[in-house]
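Chain by chain, the residues run as shown.
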Amino acid sequence: MAQIMKRAFKYRFYPTPEQARELVRTFGCVRLVYNRALEERTRVYTLEGRRVSYEQSSAALTQWKRTEDLGFLAEVSSVPLQQALRHLQAAFANFFAKRAKYPAFKSRKKSRLSAEYTRSAFTWRDGQLTLAKMNAPMNIVWSRPMPEGARPSTVTVSKDAAGRWCVSILCKDSIRPLDPVAQSVGLDAGITPLATLSTGEKIVNPRHERADRRKLAKAQRGLARKETGSANRAKARVKVARVYARIADRRRDHLHKLSTRLVRENQTVVIEDLTVRNMVKNHRLARAISDASWRELRSMLEYKTAWYGRELVVIDRWFPSSKLCSACGTLQDWMPLNVREWVCACGASHDRDVNAARNILAAGPAER
């Protein structure tokens, strides 16, 4: 039976000069409102020991629009500004629930430029999207079809550091679960092979960051030579961002293909609970670990298994998958990372990664 769930569809678009100016103004206003509200909440909590609600922040926003200094806030759509306050409210809720750190201020140079529009601030008609304060629909490149009869509930417009404009359209979609299969697989994440499966197959690590390292180094040297604050430095910064964007896009594409294949071929996927945040503290391996992007692969497996009626099992991070013999169950006392093949006392010969993947698969039922 098909599931009805909310799903975001992301596309590139090319704004007209007038649309680009309006969106850039909106981005700046969204950042200003978020930072002002965060500053006020911090001040009130520090001096008076009380929390500020979303309703109080919204009332303050109305007053800001009436002042001479911040009157320009009334010239852009009010919906993205209200959404910024809602995002700040959610950030504080996560902080007080100890799910996240204290909210941080948005930087003009480092923060992602984005604005969120709800249904009252855009028009969706005949497959064309028109935002508030704009007279013409957006020139969107429809790289994949929207769901039939789609009715967007939220639209998020963004511009990345590489200068690319994107629009993310949230709407309801019908997702049909895949037919059940009998096969299950264990997955051991690595660096040399990106992943080793319990079937014995090793997925090659494309090492996208290493492949573009020369281009990245050249772009970064060019950026370092430019004068701070100059137009040429801004152009050089975009060149660096484009190299990073190419690396991220290629990596994400490869992980999508791998995760989709694993979900389609297996009813159950078993993985380890890796603490990537701690692992990247090893400065010798940090670059390679970041390039492998294990956390992103896990995130893709989590939502794709939920979509398509599969199961993802995550075993304990302390499970000794590499030191345990998959044939007899004997636990080895010591096994450094440079040992890639070993022979157990029972006579079984093991490839370290394949053996770990098989142990991960065998441990899966105990974690359900």
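None of these values were measured; they are calculated from a predicted model. (Residues numbered from 1 in each chain as written. Predicted model: local features only at pLDDT ≥ 70, side-chain atom pairs only at ≥ 80, totals over all residues. Heavy atoms only, no water.)

### Brief notes about the packing of aromatic side chains
Within this structure, the stated rule accounts for eleven aromatic pairs. With a centroid separation of 4.8 Å and an interplanar angle of 65°, the aromatic rings of Tyr11 and Trp142 are classed as edge-to-face. In this pair, Tyr11 is assigned in strand 1 (residues 3-12) and Trp142 in the loop between strand 4 (128-131) and strand 5 (154-159), connecting sequence segments 131 residues apart. Residues Tyr45 and Phe96 carry aromatic rings whose centres are separated by 6.4 Å and whose planes lie at 55° to one another, so their mutual orientation is tilted. Here Tyr45 is found in helix 1 (residues 17-48), whereas its partner Phe96 is found in helix 3 (residues 78-96), with 51 residues between them in sequence. Judged by its relative accessible area of 31%, Phe96 is partly exposed. The rings of Tyr45, Phe92, Phe95, Phe96 and Tyr102 are connected pair by pair, giving a single aromatic cluster. Geometry around Phe96 places Arg51 over its ring, the cationic atom sitting 3.6 Å from the centre. It is Lys106 that lies over the ring of Tyr34; its NZ or CZ is 4.5 Å from the centre. (Phe/Tyr/Trp six-rings, centres within 6.5 Å; stacked < 30°, edge-to-face > 60°. Helix = DSSP H or I, 4+ residues; strand = E, 2+ residues; numbered from the N terminus. Buried < 20%, exposed > 50% of the residue type's maximum accessible area, 1.4 Å probe, protein only. Lys NZ or Arg CZ within 6 Å of the ring centre and 35° of its normal.)

### Overview of the nonpolar core
Counting residues in hydrophobic clusters, the biggest one holds 42 residues, and the most contacted among them are Leu23, Leu131, Val157 and Val167. With residues up to four places along the chain from it excluded, the contact list for Val167 reads Phe9, Lys10, Tyr11, Phe13, Leu129, Met138, Ile140, Val155, Thr156 and Val157. Within the second largest apolar cluster, 18 residues are counted, among which are Val185, Val269, Trp294 and Met300. (Core = buried A, V, L, I, M, F, W, Y, C linked by side-chain atoms within 4.5 Å. Contact = heavy atoms within 4.5 Å.)

### Things to note about the UniProt feature "domain: Probable transposase IS891/IS1136/IS1341" (unreviewed entry) in the chain
The residues that UniProt annotates with the feature "domain: Probable transposase IS891/IS1136/IS1341" (unreviewed entry) are residues 176-282. This span, residues 176-282, is 52% helix and 18% strand, and a straight line between its end C-alpha atoms measures 42 Å. (UniProt positions renumbered as here; feature names shortened; annotations may be inferred.)

### Thoughts on the sheet that holds strand 9 (residues 202-204)
Across a sheet, strands are paired by hydrogen bonds formed along the backbone, either parallel or antiparallel in direction. Read from one edge of the open sheet, five strands run 9-8-7-10-11, paired in mixed fashion. Each edge of the open sheet is held by one strand with a lone partner, namely strand 9 and strand 11 (311-315). Within the sheet, the average angular offset between the axes of one strand and its neighbour, ignoring direction, is 25°. Sheet topology places strand 7 (residues 184-189) next to strand 8 (residues 193-197); three bridges connect them, and they run antiparallel. In the sheet register, Asp188 faces strand 8, and the bridge partner there is Thr196. Across the sheet, helix 9 (residues 294-307) is in contact with strand 7, strand 8, strand 10 (268-272) and strand 11; its angle to strand 11 comes to roughly 140°. (Pairing = 2+ DSSP bridges. Axes fitted to C-alpha atoms, helices over the stretch in contact; angles between N-to-C directions.)

### A short note on the environment of Asp179
Looking at the secondary structure, you find Asp179 in the loop between strand 6 (165-175) and strand 7. For the pair formed by Asp179 and Tyr308, sequence separation is 129 residues and the distance between their alpha carbons is 8.6 Å.

### Here's the deal with the environment of Met279
With respect to the element layout, Met279 can be found in helix 7 (residues 276-279). In contact with Met279, not counting residues within four places along its chain, are Leu274, Ile289 and Trp294.

### Some thoughts on unusual backbone geometry
A positive phi angle, near 60°, is found at Lys98, a position not held by glycine. Within the secondary structure layout, Lys98 lies in the loop between helix 3 and strand 2 (113-118). The backbone of Lys133 sits at a positive phi, close to 70°, despite the residue not being glycine.

### A few points about the packing of helix 1 against helix 2 (residues 54-65)
For the pair helix 1 and helix 2, the least separation of the axes is 11 Å and the interaxial angle reads 120°. As far as their axial angle goes, helix 2 and helix 1 are oblique. In terms of crossing hand, the pair formed by helix 1 and helix 2 is right-handed. Every residue of helix 2 that contacts helix 1 at Val33, Arg36, Ala37 and Arg41 is listed here: Tyr54, Ser57, Leu61 and Trp64. Its residues assigned to classes, the contact of helix 1 with helix 2 shows five nonpolar, one polar and two charged. (Parallel < 35°, antiparallel > 145°, perpendicular 65-115°, else oblique. Left-handed = near helix turned anticlockwise from the far one by under 90°. Nonpolar A, V, L, I, M, F, W, Y, C, P; charged D, E, K, R; others polar.)

### A few points about the UniProt feature "domain: Cas12f1-like TNB" (unreviewed entry) in the chain
Here the UniProt-annotated "domain: Cas12f1-like TNB" (unreviewed entry) positions come out as residues 294-360. Regarding residues 294-360, the helix share stands at 34% and the strand share at 16%, and the terminal C-alpha atoms are separated by 16 Å.

### Section: the pattern of salt bridges
Evaluated as defined, the whole model comprises 23 salt bridges. Of the charged contacts in the structure, one is a salt bridge between Glu40 and Arg43, with a shortest N-O distance of 2.6 Å. You can see Glu40 and its partner Arg43 sitting in helix 1, three residues apart, about one turn around the helix. Its relative accessible area of 38% is what places Arg43 among the partly exposed residues. Here Arg287 makes a salt bridge to Glu209, at a shortest N to O gap of 2.8 Å. With Arg287 in helix 8 (residues 286-292) and Glu209 in helix 4 (residues 208-211), this residue pair connects regions lying 78 residues apart in the sequence. The partly exposed category is assigned to Arg287, whose relative accessible area is 46%. A single salt-bridge network, built from bridges that share partners, covers Asp160, Arg164, Asp249, Arg252 and Glu296. (Salt bridge = Lys/Arg side-chain N within 4 Å of Asp/Glu carboxyl O.)

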